[in-house]
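This is what each chain is made of:
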Amino acid sequence: MNGFARQRYLLDFTVASLMRRPGRNLSLLLVYTLVVFLLASVMLYSQAIKGKAAALLQGAPEIVVQRMEAGRHALMPAAYLERLGRLRGVAEVQGRLWGYYYDPAVAANYTVMAPARDGAAPGQVRIGAGIARVRGLAAGDVFSLRGYDGQPHAYTVAAVLPATSELVSADLMLIAPADFRAFFGLADDVYTDLALSVTNPAEVRQVARKLAERLPDCRPILREEVLRTYESVFDWREGMLLAVLAGAVFAFLIFAWDKATGLSAEERREIGILRAIGWETGDVLRMKLWEGGLISFTAFCLGYGLAHLHVFHAGAPLFAGVMRGWSVLQPHFALTPQVDALQLTTLFLLSVVPYTVVTLVPVWRAATVDPDSIMR
Amino acid sequence: MNRTLRKSTLAMWILAPALAILVGAVTDALISDAAPGEAEMRAEVAAWGLTDLALFTEARYTRHPSQADRHAAFQDHPGALEHFPSGALMPPPPHLREPTGP
């Protein structure tokens, strides 16, 4: 008998053996699939959002310079623009105007910005899709807010920013610089902070160091630090979710360990009979390897596939609560489907291999004992 | 001729769709274009100098974690506990935990 035919007969026997205990094996497959699904969902989600943050924030300012006053972020005098512009290695310095506005009407926070280019014309506002949704606004409507002088400031909605860009713009309000200053009561000679671009990207750290020496009341925030922040935010989040899931995973491990290591009297008798009718120990082990492999590999495939659908095509509803926090403005966004070979291999090794191996130990013990003593 | 379905064939009938689901997920990831709006968002980030994602808008240090100052979480008084659950989900930015810097 060739090897293939032999394995096929073993598989025939394995499936027949599994079908003799359908309820138990189906419930094991179901729980196993669920565990793989949850672990894979967390890993895929975290990986995808980290990738998204890294891809989107590549265009963030190379260095942001904030002025600090008594440990708090303070406004930046316009004179600093010129002082920084003279620093060797600095290609361009721009003052940024941005701040927060709490809208009591909907209990939401907006990020108000007055970009130097592609912003809004005086008297007009461009709003994020999140603001448009909670305030029921559309292009052409008048958006009136109470300014810091206590007076109402009305702006015509020039456009609603595309809903597809909500991940960066859901709560944005873009207005003209003069409107921004009037709305927040800022003098003409201050900015919120400064954005720097450097001539040679390899010199960013040196420029930041020189800058901190030249302006000791300022702190530079590098783009790489911004990117690291998001890497760390989502590593933390992944860790939190995995910690929450750890209980479920351990429950499954106990269940699987019990199922895999505690051979029932019936199973022991079955092994004894097989040995008595001439099966070799290796055949019994191969048969059990097929059994463990079939269940765990099917659960792995189904669990991973379902996790992919859940995260990339269903909007990860299980994590929506974790994402939501207390914010009123929640961005709607889609994650780009992606696969990471290392992640897939790790999940495979963590889910398929341990179960398959753990099934072998008791079987090996039973299969190496004298068949006569097992059957008694 | 024996027309009874062999059990191993039955196993393949179960395993094949499961494997197809896995291969489908991997293929989908490999051939998928970037989610809609990605180019638009990159352009917005570059044009307006955005530094953070609009994921948590409830507080300034959760809306712009990369721009938060050292005292952000204690903004009301020095011993104040965190108000928002997002704080449990996001750590302080790594550069704030480094000993150097102003």
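See above for the structure.
Computed from a predicted model, the values in this text were never measured in an experiment.

Caption draft 1: Focus on the overall build of chain A. Looking only at helices and strands, chain A has 13 helices and 13 strands in total. In chain A, which comprises 376 residues, the proportion classed as buried is 49%.

Caption draft 2: Fine view of the overall build of chain B. The helix and strand inventory of chain B stands at 5 helices and 0 strands. Secondary structure elements of chain B occur, N-terminal to C-terminal, as α-α-α-α-α. Within chain B, buried positions represent 48% of all 102 residues. A sequence separation of at least 24 residues applies to 41% of the contacts in chain B between residues at least 6 apart. Total accessible area computed for chain B in this model is approximately 5,300 Å², and 66% of it derives from carbon and sulfur atoms.

Caption draft 3: Layout of the interface of chain B and chain A. Contacts between chain B and chain A engage 70 residues on the former and 86 residues on the latter. For the pair chain B and chain A, the interface holds 3 salt bridges. Taking the shortest distance from any N to any O, the salt bridge between Asp12(A) and Arg6(B) comes out at 2.5 Å. The tally of links between chain B and chain A comes to 25 residue pairs in polar contact (both at pLDDT 80 or more). At the level of secondary structure, the elements contributing two or more residues to the side of chain B that touches chain A comprise α1 (7-31), α2 (38-48), α3 (60-63), α4 (86-89) and α5 (94-97) of chain B.

Caption draft 4: Structural context of a nonpolar patch on the surface. Residue and element names in this part refer to chain A. A cluster of nonpolar side chains, namely Leu30, Val31 and Phe255, defines an oily patch on the protein surface of about 260 Å² accessible area. The topology assignment puts Val31 in helix α2 (residues 22-56). Given a relative accessible area of 32%, Val31 falls into the partly exposed group.

Caption draft 5: Local environment of the packing of α2(A) against helix α10 (residues 281-313) of chain A. All names here are of chain A. Axis separation between α2 and α10 bottoms out at 7 Å; the angle between their running directions is 40°. Taken together, α2 and α10 sit at an angle that is classed as oblique. Crossing handedness for the pair α2 and α10: right-handed. Classifying every residue of the contact of α2 with α10 by side-chain character gives 18 nonpolar, 8 polar and no charged.

Caption draft 6: Spatial organisation of unusual backbone geometry. Residue and element names in this part refer to chain A. Here Asp118, not a glycine, exhibits a phi torsion of approximately 55°, which is positive. Within the secondary structure layout, Asp118 lies in the loop between β6 (108-113) and β7 (124-127). Classification of Asp118 by relative accessible area gives partly exposed; the value is 48%. Although it is not a glycine, Ala316 sits at a positive phi angle of roughly 50°. Within the secondary structure, Ala316 sits in the loop between α10 and α11 (320-324).

Caption draft 7: Fine view of the environment of Thr298(A). In this fold, Thr298(A) is placed in helix α10. There is a polar contact of 2.5 Å between the side chain of Thr298(A) and the backbone oxygen of Leu294(A).

Caption draft 8: Quick look at the pattern of salt bridges. Residues and elements named next belong to chain A. Under the defined criterion, the tally for this structure stands at 16 salt bridges over all chains. Among the ionic pairs, Asp283 bridges to Arg6, the shortest N-O distance being 2.7 Å. Highlighted residues: Asp283 in helix α10 and Arg6 in helix α1 (residues 3-19), separated in sequence by 277 residues. Exposure remark for Asp283: the relative accessible area of 10% places this residue in the buried category. The shortest N-O distance in the salt bridge between Asp283 and Arg286 comes to 3.0 Å. Pair noted here: Asp283 and Arg286 are both in helix α10, with a separation of 3 residues, about one helical turn. Among the charged side chains, a salt-bridge network with shared partners connects Arg6, Asp283 and Arg286.

Caption draft 9: The packing of aromatic side chains, seen in detail. All names here are of chain A. This structure, assessed with the given rule, holds 15 aromatic pairs over all chains. Look at Phe297 and Phe348: their rings are 6.2 Å apart centre to centre, the planes differ by 80°, and that puts the pair in the edge-to-face class. Remark: Phe348 occurs in helix α12 (residues 341-367) and Phe297 occurs in helix α10; sequence separation between them is 51 residues. Taking relative accessible area as the criterion, Phe348 reaches 26% and is therefore assigned partly exposed. Members of the aromatic cluster, each reached through a chain of ring pairs, are Tyr101, Tyr110, Phe143, Tyr148, Tyr155, Phe180, Phe183 and Phe184. Seen from the ring of Tyr80, Arg83 lies directly overhead, with NZ or CZ sitting 5.2 Å from the centre. Here the basic side chain of Arg181 rests over the ring of Tyr191, its NZ or CZ set 5.2 Å away from the ring centre.

Caption draft 10: Spatial organisation of α2(B). Looking at α2(B), one finds that the buried residues are Glu38(B), Met41(B), Glu44(B), Val45(B), Ala47(B) and Trp48(B). Where α2(B) is buried, its residues touch α2, β6, β7, α5 (166-169) and β10 (172-175) of chain A. After α2(B) finishes, the residue Gly49(B) shows a positive phi value of roughly 65°.

The rules behind each value
Residues numbered from 1 in each chain as written. Chains lettered and ligands numbered in written order. Predicted model: local features only at pLDDT ≥ 70, side-chain atom pairs only at ≥ 80, totals over all residues. Heavy atoms only, no water. Helix = DSSP H or I, 4+ residues; strand = E, 2+ residues; numbered from the N terminus. Buried < 20%, exposed > 50% of the residue type's maximum accessible area, 1.4 Å probe, protein only. Contact = heavy atoms within 4.5 Å. Areas by Shrake-Rupley, 256 points an atom, 1.4 Å probe, with all protein chains shown as cover. Salt bridge = Lys/Arg side-chain N within 4 Å of Asp/Glu carboxyl O. Polar contact = N/O pair within 3.5 Å; in protein donor to acceptor, adjacent residues only side chain to side chain. Patch = residues over 30% accessible without salt bridge, like charges linked within 9 Å, V, L, I, M, F, W, Y side chains within 5 Å. Axes fitted to C-alpha atoms, helices over the stretch in contact; angles between N-to-C directions. Parallel < 35°, antiparallel > 145°, perpendicular 65-115°, else oblique. Left-handed = near helix turned anticlockwise from the far one by under 90°. Nonpolar A, V, L, I, M, F, W, Y, C, P; charged D, E, K, R; others polar. Phe/Tyr/Trp six-rings, centres within 6.5 Å; stacked < 30°, edge-to-face > 60°. Lys NZ or Arg CZ within 6 Å of the ring centre and 35° of its normal.

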